Amino acid sequence: MKHKLRLAGMYFRFNLASILEYRASFFLSAATMFFNNATFLFFWGVLFDRMGGSIGGYDFRDLMFIWAASSAAFGLSNIVFGNLTNINETVVRGELDTYLLQPRNVLLSLLMSRMSFSAWGDLAYGVVLICLSGQGFRGILAFLLAMVTGGVVLSSTICILQSTVFFLGDASFLANMSTNLAVNFTTYPEGIFPKAVRFLLYWLIPAQFIVHVPLRIARGIHAPVWVAAQLLAAAFFAGFAMWFFHRGLKKYESGNMLVTRL
Amino acid sequence: MYSVTAKNLTKTYRTRVKQPGLRAAFRALVRPEYREVQAVRGIDLQVEQGQRLAFIGPNGAGKSTTIKMMTGILSPTSGALSVLGLSPMENRRELSRHIGTVFGQKSQLWFHLPAADSFKLLGAIYDIDSPTLEKRTARLRDQFGLGDFFNTPVRRLSLGQRIRCEVAASLIHEPELLFLDEPTIGLDVVVKRELRERILEMNREKGVTVFLTSHDAGDIENICQRAVVIDGGGIVLDESVEGLRTKHMTVKKLTVRYAGEYCAATPAWARRFSCAPGCVVCEIDTRRIGAEEALGHLLSLGSVTDISVEDPTMEQIIASIFEKERA
């Protein structure tokens, strides 16, 4: 475990050093993402005003929580697992060889070997927003839980969709949609969806476990039960993503492209 | 003791057959056709510990596929394979601690960071403790002459500097077996020579087994003891590099310069014969006529000022083996 943490720390350090080689690009990407997210919240604010301060049983403070949790979970997962959205491309181009030649878990090495520039903007936005939302101690804890375990669920969902490449040969379409599919449903109040859609949100596109369950915890609704459910869901989706990727890995066919590690 | 043992090793790919035309594309949607491509056909190979082996063949012969099976990247379709006593597919992670790999086309160094940082990261990947890592890094830095550019981001290095870093990085965990796939591709002669010397040094000092694929005859000649030629997925020749020379070096080129302007008609014993004023260039097949006898004929033709006898290059030998096999 000590070695694994040391390696994860090294990846983080060197990825950060790598993106800081291009300081201007890094700060610009992060700032652009921050303001891009802020625009959405502005429109939601206008909408809440027109609807009398409540939509689907949620007020604006709840929506701020949802956006904060969603952005922070997305940001954290793409900072730590920056190669998440490149699995399809890496496999199609036969570039997994480098990771297969190392005495490490292939999936984790692949995911951790890159860091997203703009994800820092998402994370910063999430943190700033939760501070502005006026949440209490329980709200902050629920936010942290969402950021970490929601990040795991989000990463797992994207990973599963991207890993279909092993079975489909080229899953660019699913891979390109993977992030939107996983994130889109996390930025709307749960109450606006019919029950059937909510079921899909729990299990097919597990948006519930990224933001909506943590929101229930923040609101104090059966909090201990939902904390347990959230932890179990994170473990389940992470385990399933790992299993699915390694199942697909057996079908990997490599390639002879010229490759540089960025 | 063998580093590599392969018995009847086979790799078959199933690929989709694509017929030309739109109608065929629609038909393939409903009823796709597949065909099997045998990239490697029943290879039997044993590589002794500490041996330097050249695994050569034309493009598409199955070299890279074989190496990828030996390193655990690809699983064999059938046959038995053992590398350092381990099954590459079942013990991939354990095996990777004992083998080093350099794929000329693929980099294991971080492009935006100095090689020094990549070495530290590789140290963590291979669980090397800090004092040992520092000691090994210092040794490799000296041995491969990386001192001047070790702290320069890899993207700013020349190809030669990068490859030296790549090879050094592949040795950081002190592997027992080193797979080199086109390590000198694109390098100039001086860097190639230095790199070959370093590889030989590693083999001599640490007993590292070297498994090399290269299209550069100089690599084979200068590094390897044994050459295995592969074509069409199967081994067509397994010979010592010295044997390759003596058995396949049957052509010699004789150049004789004369004091006067001399020229002769093509003799029957010559494979090729060209005449310039005062100079005869003649190619002979030593199975038909000995070099001494041929030279005797040429010397008797006039007053000789200079003689040279040239062997074919390794490149020519390999090309002739491929030509014979394909014929």
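Every chain is numbered independently, its residues counted from 1 as its sequence is written. Both sets of labels track the order of writing: A upward for chains, 1 upward for ligands. Given that this is a predicted model, residues contribute local features only at a pLDDT of at least 70 and side-chain atom pairs are listed and counted only at 80 or more, while totals for whole chains, interfaces and linings are drawn from all residues.

### Regarding the packing of helix H2 (residues 23-50) of chain A against helix H3 (residues 60-80) of chain A
Residue and element names in this part refer to chain A. It is at 11 Å that the axes of H2 and H3 come closest, and there the two elements cross at 160 degrees. Between H2 and H3, the angle falls in the class roughly antiparallel. Judged by the sense of rotation from one axis to the other, the crossing of H2 with H3 is right-handed. For the pair H2 and H3, the contacting residues are Asn37, Leu41, Trp44, Gly45 and Phe48 in the first and Phe60, Leu63, Trp67 and Ser71 in the second. Note on method: axes are straight lines fitted to C-alpha atoms, helices fitted across the in-contact stretch only, with angles between N-to-C directions ranging 0 to 180 degrees. Numbered from the N terminus, helices here are DSSP runs of H or I no shorter than four residues, and strands are runs of E no shorter than two. Angular relationships are summarised with four words: roughly parallel below 35 degrees, roughly antiparallel beyond 145, roughly perpendicular across 65 to 115, and oblique for the angles in between. Crossings are assigned a handedness: left-handed for a near helix turned anticlockwise from the far helix by less than a right angle, right-handed for a clockwise turn. In this description, a residue-residue contact is defined by the distance between C-beta atoms placed from the backbone, which must lie within 7 Å.

### Looking at the domain arrangement of chain B
A domain assignment, automatic or from a database, supplies the domain bounds used here. For chain B, the domain assignment lists domain 1 (2-8 + 42-246) and domain 2 (250-310). Domain 1 of chain B and domain 2 of chain B are separated by 43 Å when their C-alpha centres are compared.

### Section: the confidence of the model for chain B
Per-residue confidence for chain B gives a mean pLDDT of 86, with 97% of residues at or over 70. Scored by ipTM, the complex comes to 0.77, with pTM at 0.79. As a per-residue measure, pLDDT tells how confident the predictor is, with possible values from 0 to 100.

### A closer look at the confidence of the model for chain A
Here chain A shows a mean pLDDT of 85. Residues at 70 or above account for 95%. Here strand S1 (residues 259-261) of chain A stands out as the element of chain A with the lowest mean pLDDT, 51, in contrast to helix H6 (residues 106-112) of chain A, whose mean of 94 is the highest.

### Considering the sheet that holds strand S7 (residues 177-181) of chain B
Residues and elements named next belong to chain B. Taken in spatial order, the 6 strands of this open sheet run S5-S7-S8-S3-S9-S10, and their pairing is mixed. At either margin of the open sheet sits one strand with a lone partner, and together these are strand S5 (99-103) and strand S10 (234-240). Averaged over neighbouring strand pairs, the angle between their axes works out to 15 degrees when direction is ignored. A strand pair is defined by DSSP finding two or more bridges across the two strands. The sheet contact formed by S5 and S7 spans 5 bridges and is parallel. By the bridge assignment, Thr101 is partnered in S7 with Phe179. Contacts from helix H9 (residues 241-248) reach strand S9 (226-231) and S10, with the element oriented near 95 degrees to S10.

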